[in-house]
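# Structural overview for review
Listed below, chain by chain, are the residues.
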Amino acid sequence: MSGSQPEGPSTEQRRAAAMQALTEQRDAYRRPEGVTRGRRGLLIVNTGRGKGKTTAALGLMLRAHGRGLNTTMFQFLKHDTAKFGEHRTLEALGIPCRGLGDGWTWRSRDLENSAALAEHGWSLARAAILSGEHDLIVLDEFTYPLTYGWVPWADVAATLQARDPRLHVVITGRDALPELIALADTVSEIHPVKHAYDQGIGGQIGIEY
């Protein structure tokens, strides 16, 4: 039948295969050696062309907030008057979030101003990173100012290396610099498999914004 889905393994077959694999994993497990305990600040990068980079960072903020950590977010593309779903939630929870940009770069009528905003935004984020007042800081969509050369990588690297050793920093955005990936402790690259946009479905309230 046209448009029908290909047949895969039955539920019973999936269950049997999974139970065997899980049993083998359990029996082969050994606790890793040399894993440190206690708090150590991580540099985490969410990159790739798939959906969910900022969403994942927001999830970490919620988890950290639930543990009593002092968190804040700097958004390098969204403007300071944006009121998307995340802004409303963070405001309700009392978690600071500051928009530093002028919207999406492909809509900017003055890219020199966009670059200046990014440079100023980095000065604010840099001060927060070095202040010692936070436990987790998210630099949302920060890969773009780095890739465009609006913010010097050398200054960013020096700042990240000079931060409190307990401070977690999360950076999101496409096309993360190789230098940033090399410096990071954890890097997740999100690959798109399917997206509703490709089917002509527009952005959904509460999903995209």
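Everything below is about the structure printed above this text.
The present account deals with the structure reproduced in this document. (Residues numbered from 1 in each chain as written. Predicted model: local features only at pLDDT ≥ 70, side-chain atom pairs only at ≥ 80, totals over all residues. Heavy atoms only, no water.)

What follows is about unusual backbone geometry. The phi torsion of most residues other than glycine is negative, and most of the peptide bonds are trans. Its identity as a non-glycine residue notwithstanding, Glu141 has a phi of 60 degrees, on the positive side. Along the chain, Glu141 falls in the loop between strand E4 (136-140) and helix H5 (143-148). Of note, the phi angle at Asp175 is positive, near 55 degrees, even though the residue is not glycine. Locating Asp175 in the fold gives a position in the loop between strand E5 (168-172) and helix H7 (178-183). (Helix = DSSP H or I, 4+ residues; strand = E, 2+ residues; numbered from the N terminus.)

Another point: the packing of aromatic side chains. By the definition in use, this model includes 5 aromatic pairs. Arranged with centres 4.6 Å apart and planes meeting at 45 degrees, the rings of Phe76 and Phe142 form a pair that is tilted. Taken together, the residues span a long stretch of sequence, with Phe76 in the loop between strand E2 (71-75) and helix H3 (85-93) and Phe142 in the loop between E4 and H5 at a distance of 66 residues. Residue class for Phe142 comes out buried when judged on its relative accessible area of 0%. Measuring from centroid to centroid gives 6.1 Å for Phe84 and Tyr209, while their planes differ by 65 degrees, and the two rings are edge-to-face. With Phe84 in the loop between E2 and H3 and Tyr209 in the segment after strand E6 (186-189), this pair connects stretches of sequence that are 125 residues apart. Here the aromatic cluster, defined as three or more aromatic residues joined through ring pairs, consists of Phe76, Trp122 and Phe142. (Phe/Tyr/Trp six-rings, centres within 6.5 Å; stacked < 30°, edge-to-face > 60°. Buried < 20%, exposed > 50% of the residue type's maximum accessible area, 1.4 Å probe, protein only.)

What follows is about the packing of helix H4 (residues 111-131) against helix H6 (residues 153-162). Where H4 contacts H6, the two axes come as close as 9 Å, and the packing angle between them is 20 degrees. The orientation of H4 with respect to H6, classified from their angle, is roughly parallel. Classified by chirality, the crossing of H6 by H4 is left-handed. Taken together, the residues of H6 that come into contact with H4 (itself represented by Trp122, Arg126, Ile129 and Leu130) are Asp155, Val156, Thr159, Leu160 and Ala162. Tallied by class, residues from the contact of H4 with H6 come to 6 nonpolar, 1 polar and 2 charged. (Axes fitted to C-alpha atoms, helices over the stretch in contact; angles between N-to-C directions. Parallel < 35°, antiparallel > 145°, perpendicular 65-115°, else oblique. Left-handed = near helix turned anticlockwise from the far one by under 90°. Contact = heavy atoms within 4.5 Å. Nonpolar A, V, L, I, M, F, W, Y, C, P; charged D, E, K, R; others polar.)

What follows concerns H3. Within the span of H3, buried status applies to Glu86, His87 and Leu90. Viewed end-on, H3 has its buried residues packed into an arc of 100 degrees, placing them on one side of the element. Opposite the buried face of H3, at more than 90 degrees from it, the exposed residues are Arg88, Glu91 and Ala92. Those residues of H3 that are buried are in contact with helix H2 (53-66), E2 and strand E3 (97-99). Among the residues trailing H3, Gly94 stands out with phi positive, at a value near 75 degrees. (Arc of directions from axis to C-beta.)

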